[in-house]
Amino acid sequence: MEDYLTGVVAAEMPAAFENEALKAQAVAAYTYAIYKSNQNALENYDITDNFQTDQAFMTTDKAQEKWGETDAYKEHQERTKNYSKQKWDELARGLDNIM
């Protein structure tokens, strides 16, 4: 999930945007990814790489090449580097209750 969110935010917003705007985009991207994952539960995929039907995306390498490492990226990496699959699942369940 971490690489996916990094790729979505990098593809959808310039790194020069304010850190809080980048964080908000990451929350929106995460929420959308969980929604689509639940919506496609019976399919053989969670989300596609087609920006016309889902979210724009670029690989972490391409994002770092294009934007470098922003403060928001570093903060996100630091905060989530030790998240387990269980932690990501816990966050997803929390979002399920919102939707």
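Bear in mind that the values here come from a model prediction, so they are computed numbers and not experimental data. (Residues numbered from 1 in each chain as written. Predicted model: local features only at pLDDT ≥ 70, side-chain atom pairs only at ≥ 80, totals over all residues. Heavy atoms only, no water.)

### Brief notes about the confidence of the model for the protein chain
Just so we agree on the cut-off: pLDDT measures how confident the predictor is about each residue, on a scale from 0 to 100. Each helix corresponds to a stretch of at least 4 residues labelled H or I by DSSP, and each strand to a stretch of at least 2 residues labelled E; elements are numbered beginning at the N terminus.
Per-residue confidence for the protein chain gives a mean pLDDT of 78, with 83% of residues at or over 70. Mean pLDDT in the protein chain bottoms out at helix H5 (residues 85–98), which sits at 67, and peaks at helix H2 (residues 19–39), which reaches 85.

### Some words on the packing of helix H1 (residues 2–12) against H2
Where we set the bar: To obtain an axis, a line is fitted to C-alpha atoms, over the contacting stretch when the element is a helix, and the angle between two such axes runs from 0 to 180 degrees between their N-to-C directions. In what follows, roughly perpendicular refers to angles from 65 to 115 degrees, roughly parallel to angles under 35, roughly antiparallel to angles over 145, and oblique to any angle outside these ranges. For any helix crossing, the convention is left-handed if the near helix is rotated counterclockwise from the far helix by under a right angle, and right-handed if that rotation is clockwise. Whether two residues touch is decided by their heavy atoms; if any such pair falls within 4.5 Å, the residues are in contact. Classes in brief: Ala, Val, Leu, Ile, Met, Phe, Trp, Tyr, Cys and Pro nonpolar; Asp, Glu, Lys and Arg charged; the others, Gly included, polar.
Put simply, H1 and H2 touch, their axes get as near as 9 Å, and they point 120 degrees apart. Classed by the angle they form, the pair H1 and H2 counts as oblique. Considering the relative orientation of H1 and H2, their crossing is right-handed. Between H1, through Tyr 4, Leu 5, Val 8, Val 9 and Glu 12, and H2, the contact on the second element is made entirely by Leu 22, Gln 25, Ala 26, Ala 29, Tyr 30 and Ala 33. Class assignment for the residues of the contact of H1 with H2 results in nine nonpolar, one polar and one charged.

### Re the pattern of salt bridges
Rules: Any Lys or Arg side-chain nitrogen located within 4 Å of an Asp or Glu carboxyl oxygen qualifies as a salt bridge. Think of it in three bands: residues with accessible area under 20% of the maximum for their type are buried, residues over 50% are exposed, and the middle band is partly exposed, with areas taken using a 1.4 Å probe on protein chains only.
Applying the stated criterion across every chain yields a total of two salt bridges. As a salt-bridge pair, Glu 20 and Lys 23 come within 3.0 Å of each other at their nearest N and O atoms. Placement of both Glu 20 and Lys 23 in helix H2 is noted, with a separation of three residues, approximately one turn of the helix. A residue is classified by how much of its surface remains accessible, and Glu 20, at 55% relative accessible area, is exposed. Taking relative accessible area as the criterion, Lys 23 reaches 25% and is therefore assigned partly exposed. Between Asp 54 and Lys 36 there is a salt bridge; the shortest N-O distance is 3.4 Å. Of the two residues, Asp 54 sits in the loop between H2 and helix H3 (60–67) while Lys 36 sits in helix H2, which places them 18 residues apart along the sequence. Residue classification places Asp 54 among the buried positions, given a relative accessible area of 11%. Residue class for Lys 36 comes out buried when judged on its relative accessible area of 13%.

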